[in-house]
Amino acid sequence: MSDTAGQTLEAIREIRDLIRLMAEPQIAARDQKYRDELIRLVGKSDQKAQAVFLMDGNHTQAQIHAKTKVHRGNLSTLIKELNKVGLLSGDPKQPKLTITIPTDFFEKAKAQ
């Protein structure tokens, strides 16, 4: 990739991040029911929270387990429950969260 293309791509990513930041209140309102359910299913587990952030459709369950060290059975159960309530799309072996959440989502939830 040329320097110009790389700079353009970086600028696009920055614009996307700014739009997400500005749109977060509207996204949160739209997805409140799903976000509440996600908080309930993850609970206070930091490992499960880390696992959820890796559920982007690019990681397999095995890769998520390896990166987070969440117990395989707990991960499998979490994925089943997320899928059951409509929080996952596609192949559960390579889970993808159907909603977007900010990087501080679980910290804010714990603080409330």
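Refer to the preceding data block for the structure.
A brief structural summary. (Residues numbered from 1 in each chain as written. Predicted model: local features only at pLDDT ≥ 70, side-chain atom pairs only at ≥ 80, totals over all residues. Heavy atoms only, no water.)

### So, helix α4 (residues 61-68)
Alright, step 1. When α4 is considered as a whole, its buried residues turn out to be Ile64, His65 and Thr68. Buried residues along α4 cover an arc of 100° about the axis, so they all sit on one side.
Alright, step 2. Summarising the contacts, the buried residues of α4 are in contact with α3 (46-53) and α5 (72-84).
Alright, step 3. Of the residues flanking the end of α4, it is Lys69, one or two places downstream, whose phi is positive at about 65°. (Buried < 20%, exposed > 50% of the residue type's maximum accessible area, 1.4 Å probe, protein only. Helix = DSSP H or I, 4+ residues; strand = E, 2+ residues; numbered from the N terminus. Arc of directions from axis to C-beta. Contact = heavy atoms within 4.5 Å.)

### Digging into the pattern of salt bridges
Side-chain pairs of opposite charge can arise whenever the charged atoms involved come near each other.
Alright, step 1. Applying the stated criterion to the full structure yields 3 salt bridges.
Alright, step 2. A salt bridge links Arg16 to Asp17, with the nearest nitrogen and oxygen atoms 3.2 Å apart.
Alright, step 3. For Asp17, a relative accessible area of 40% translates into the label partly exposed.
Alright, step 4. Residue Asp104 is joined to Lys108 by a salt bridge in which the shortest nitrogen-to-oxygen separation is 3.5 Å. (Salt bridge = Lys/Arg side-chain N within 4 Å of Asp/Glu carboxyl O.)

### Some details on the nonpolar core
Alright, step 1. If you look at the biggest cluster of nonpolar residues, it comprises 21 residues, and the most contacted ones within it are Leu38, Val52, Met55, Leu82, Leu97, Ile101 and Phe106.
Alright, step 2. When residues of this core are traced back to their parent elements, those giving at least two are α2 (32-42), α3, α5 and α6 (105-111).
Alright, step 3. Beyond its immediate sequence surroundings of up to four residues, Leu82 is in contact with Leu38, Leu41, Val52, Met55, Leu87 and Leu88. (Core = buried A, V, L, I, M, F, W, Y, C linked by side-chain atoms within 4.5 Å.)

### Digging into the side chain of His59
Alright, step 1. When you line up the elements, His59 lands in the loop between α3 and α4.
Alright, step 2. Overall, His59 belongs to the buried group, its relative accessible area being 13%.
Alright, step 3. Engagement of the side chain of His59 in a polar contact is seen with the backbone oxygen of Leu54, the distance being 3.1 Å.
Alright, step 4. In this structure, His59 is in contact with Leu54, Ile64, Lys67, Lys93, Gln94 and Pro95, ignoring residues within four places of it in sequence. (Polar contact = N/O pair within 3.5 Å; in protein donor to acceptor, adjacent residues only side chain to side chain.)

### Comments concerning the environment of Leu78
Alright, step 1. For Leu78, the position within the fold is in helix α5.
Alright, step 2. On the basis of relative accessibility, which here comes to 2%, the residue Leu78 falls in the buried class.

### Some points on the environment of Arg30
Alright, step 1. You can see Arg30 is positioned in helix α1 (residues 3-30).
Alright, step 2. A relative accessible area of 59% places Arg30 in the exposed class.

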